[in-house]
Amino acid sequence: MATEFHNLQELRHSASLANKVFLQRDYSEGTTCRFQTKFPSELESRIERTLFEDTVKTLNNYYAEAEKMGGQSYLEGCLACATAYLIFLCMETRYEKVLKKIGRYIQEQNEKIYAPRGLLITDPIERGMRVIEISIYEDRGSSGSCSGSSSTSGSSAR
Amino acid sequence: IITRTHRRKWQIFPGRNRFYCNGRVMMARQTGVFYLTLVLIMVTSGLFFAFDCPFLASNLTPAIPVIGGVLFVFVLGMLFRASFSDPGVLPRATPDEAADLERQIDGANGPSGPGYRPPPRIREVVINGQTVKLKYCFTCKIFRPPRASHCSLCDNCVERFDHHCPWVGNCVGKRNYRFFYLFVLSLSFLTVFIFAFVITHVILRSNRTGFLSALKDSPVVVCFFSVWSIMGLSGFHTYLISSNQTTNEDIKGSWSTKRAKDNYNPYSYGNILTNCCAALCGILDNLFISSSSLPFLLFSSFSSISLLPPPSLSFLLHLSPSSSLPSISLPFLLFSPSSSLPCLLSSSSSLPPGAAGSLVVRICRSATEQGS
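The name recorded for chain B in an unreviewed UniProt entry is Palmitoyltransferase, from Hucho hucho. Quoted verbatim from the Sequence similarities (unreviewed entry) field of the UniProt record, the comment on chain B reads "Belongs to the DHHC palmitoyltransferase family." In its Catalytic activity (unreviewed entry) section, UniProt records this for chain B: "L-cysteinyl-[protein] + hexadecanoyl-CoA = S-hexadecanoyl-L-cysteinyl-[protein] + CoA".

With an unreviewed UniProt entry as reference, chain A is termed Golgin A7 family member B, source organism Hucho hucho. According to its UniProt record, chain A has this under Subcellular location (unreviewed entry): "Golgi apparatus membrane". Under the Sequence similarities (unreviewed entry) heading, UniProt states for chain A: "Belongs to the ERF4 family."

Pasting the structure below:
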C-alpha cells in the first residue's frame, strides 16, 4: 500500500480526509438489515477484495443474528409486555447486545485491517443504519493537490 | 467515532421537535391534544375509582378496583411509551452522503441543462418477487427504505410509517407501533371494564334505591358509542398486524388485488401467528439519537396539530357510512351516574343529536407524504 498508518491515532493526526465511500442497504430480502457487498471502485487500490467482502459479510451475519425472530426474542417480548416494559430498566435486549458486539467488531477491524491502509469504517448505527461509511484518508505529507480526488490517483509518489 | 462534538445530537436535530430533560424527552411545540387524552383518561378513571369502586368493592368483590387499577396503570404506561418514544426517525443524510447520492443519480439520469427538472428519483427493488419503488426524499436527501414515509408534521422520514396520531402526539412507526397497539388494546379493555361496571353499579343501585331511569339513558348511550369506536380501532390494528400491513399501506391499497391481479404483500410471513409475533415481539432497536444513559427513556416526536380534516382510516368508512367526515369518538365520555356527581353531559333526554358529534373527534391521522 502506498500510504502506511500504524494506528488510528496516527491516522487522525497525520492524515486528511480524501474521500468517503457509502455502502447502501440491500433491500432485496425485505426490510431486514443487510448491506450491499459490491466492492466499490474507489477501494480497489486500497484493500484486498476478499478482506472487504469478509467484513461486510460478517456484519450482515451479525445483523441477521440480531434481528432473528426465534424463541428467545418472543420470550423477551412477552416478558417485556407482561412487565409493561419495565424489565428493560434492568435488562438489555438481545438486539442491543448484538449491536455492542458489532461495535467491538468494527473497532477491531478498523485497528487491525483498515487503519493500516488509511481507511476507517463508521458504525452504521451512527448513520441510522442506512449506510456503511468508509472514509479514505490521505497522508498529509503527500501532494495536497490530490486531496479531493479518488484514491487511485491520490497515492503519493515518494 | 472520528470526532466527538460538544453538542449533543438532539441539539442539532433538524426535525420539528423540542427537547426536554437534557434530550431525554422530545416534544413538539403544541402538545395540546396529548394532554387532553391524558386528562380524559385520568378524569374518567378517577370518577370510576372514586364513585363506583367503593360500592362495587363492598358489594361484589374488591378485585374489581384492583383489576381496574392494573389496567389503568398499563394504559398510561403504554401511552407514555408511545408518546415519548422515537417512532423510528431516519436521520437525514450527511452532506457527503447526499453528494454521493446526487452523483449516482446524475450518473444514471445523464447530465441535464439549467432549468430542466430531472424526473422523480426512484429506485426499484424486488422484494419476495414483488417490485417495490423506493422514492427519494428531497428533505432528508435519502432514498427511503421500503415502508418508510415522510411525516410532514414532524418533518422526518419514519421507518415502517403507520400514521401520525394527534392523540398520542407522535408518529406511529417501527419503534413505537407495539406500544401504540397495546395502548389502544388496553384502553378498549379499560373502557369496556369501566362501562360494564358502571352499568352494574347503576342496576344494583336502582334495584335498591329506585334510581331515576333518566340517568341510565343518555350517558350510557354515548358511552356505548365511544366504546365501540375504540374497540373498532383496536380491531382494525389487529387486522393490520395479522396481515403485516401499515395503516399507510392499507389506505393506499398498496397490496390490494384491485391494483393488480397478482398483487400481494411481500412482507407478510404467510401465517397470522408469525405476523403477530413479528410486529409485537420483534426487535426493539436502539436509537441513533440516544444521548441518555437510561435505555428505557426514549424520545417522542410530537408535532404541531394540524387542523385540516384528515383522511380517514378505511375501517371508519365501513363503520360510519353516512358521515362525510368519519371520526372516532373518545371513550372518555363515561360518567358515573352516582347521585353526588354532576353529570358532565346533560342527562335529560333532550340531548341534542349533534352533541355526540361535537364531542366526537378525529383520533388518528395518516400524514401525507412530503417530498415526492
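Our focus in this paragraph is the overall build of chain A. When helices and strands are counted, chain A shows 5 helices and 3 strands. Counted from the first residue to the last, chain A has its helices and strands arranged as α-β-α-α-α-β-β-α. Within chain A, the proportion of its 158 residues that are buried is 51%. Once local pairs closer than 6 in sequence are excluded, the contacts in chain A between residues at least 24 apart make up 62%. About 7,500 Å² of surface is accessible on chain A, with carbon and sulfur atoms providing 51% of the total.

Moving on to the interface of chain A and chain B. Listed by partner, the interface residues are 35 residues for chain A and 42 residues for chain B. Between chain A and chain B, the buried area comes to about 3,300 Å², and carbon and sulfur atoms account for 65% of it. On the chain A side of the interface with chain B, the three residues burying the most area are Tyr-27, Tyr-85 and Arg-130 of chain A, jointly 22% of the side's total. Between chain A and chain B we count 2 salt bridges in total. For the salt bridge of Lys-20 of chain A with Asp-96 of chain B, the shortest nitrogen-to-oxygen distance reads 2.8 Å. Listing elements by their share of the side of chain A that touches chain B, those giving two or more residues are strand E1 (15–24), helix H2 (49–67), helix H3 (71–82), helix H4 (94–114) and strand E3 (131–139) of chain A. The leading source of residues in the side of chain A that touches chain B is H3 of chain A, at 5 residues.

Residues and elements named next belong to chain B. Relative to each other, helix H1 (residues 32–59) and helix H2 (residues 63–84) sit at 175°, their axes nearing to 10 Å. Here H1 is positioned roughly antiparallel relative to H2, judged by the angle of their axes. Together, Phe-34, Thr-37, Leu-38, Ile-41, Met-42, Ser-45, Phe-48, Phe-49, Cys-53, Leu-56 and Ala-57 of H1 and Ile-64, Pro-65, Gly-68, Gly-69, Phe-72, Val-75, Leu-76, Leu-79, Phe-80, Ser-83 and Phe-84 of H2 make up the contact between the two elements. Residues that form the contact of H1 with H2 fall into these classes: 17 nonpolar, 5 polar and no charged.

Tracing the backbone shows Pro-116 of chain A in the loop between H4 and strand E2 (119–122). Separated by 101 residues in sequence, Pro-116 of chain A and Ala-15 of chain A have C-alpha atoms that sit 12 Å apart.

The computed volume of the second largest pocket comes to approximately 800 Å³. In terms of lining residues, the second largest pocket is bounded by 33 residues, among which Thr-31, Thr-32 and Glu-67 of chain A together with Lys-174 and Tyr-269 of chain B are the most central. Residue assignment for the lining of the second largest pocket shows that the elements contributing at least two residues are helix H4 (177–209) and helix H7 (272–281) of chain B. Across the lining of the second largest pocket, the residue classes tally to 15 nonpolar, 8 polar and 10 charged.

Parameters and conventions
Residues numbered from 1 in each chain as written. Chains lettered and ligands numbered in written order. Predicted model: local features only at pLDDT ≥ 70, side-chain atom pairs only at ≥ 80, totals over all residues. Heavy atoms only, no water. UniProt positions renumbered as here; feature names shortened; annotations may be inferred. Helix = DSSP H or I, 4+ residues; strand = E, 2+ residues; numbered from the N terminus. Buried < 20%, exposed > 50% of the residue type's maximum accessible area, 1.4 Å probe, protein only. Contact = heavy atoms within 4.5 Å. Areas by Shrake-Rupley, 256 points an atom, 1.4 Å probe, with all protein chains shown as cover. Buried area = accessible area lost by both parts, 1.4 Å probe. Salt bridge = Lys/Arg side-chain N within 4 Å of Asp/Glu carboxyl O. Axes fitted to C-alpha atoms, helices over the stretch in contact; angles between N-to-C directions. Parallel < 35°, antiparallel > 145°, perpendicular 65-115°, else oblique. Nonpolar A, V, L, I, M, F, W, Y, C, P; charged D, E, K, R; others polar. 1 Å grid on protein atoms, 1.4 Å probe; cavity = no way out; pocket = protein on both sides within 12 Å on 5 of 7 lines; lining within 4 Å. Points joined across faces, edges and corners; volume = space filled by probe spheres on them.

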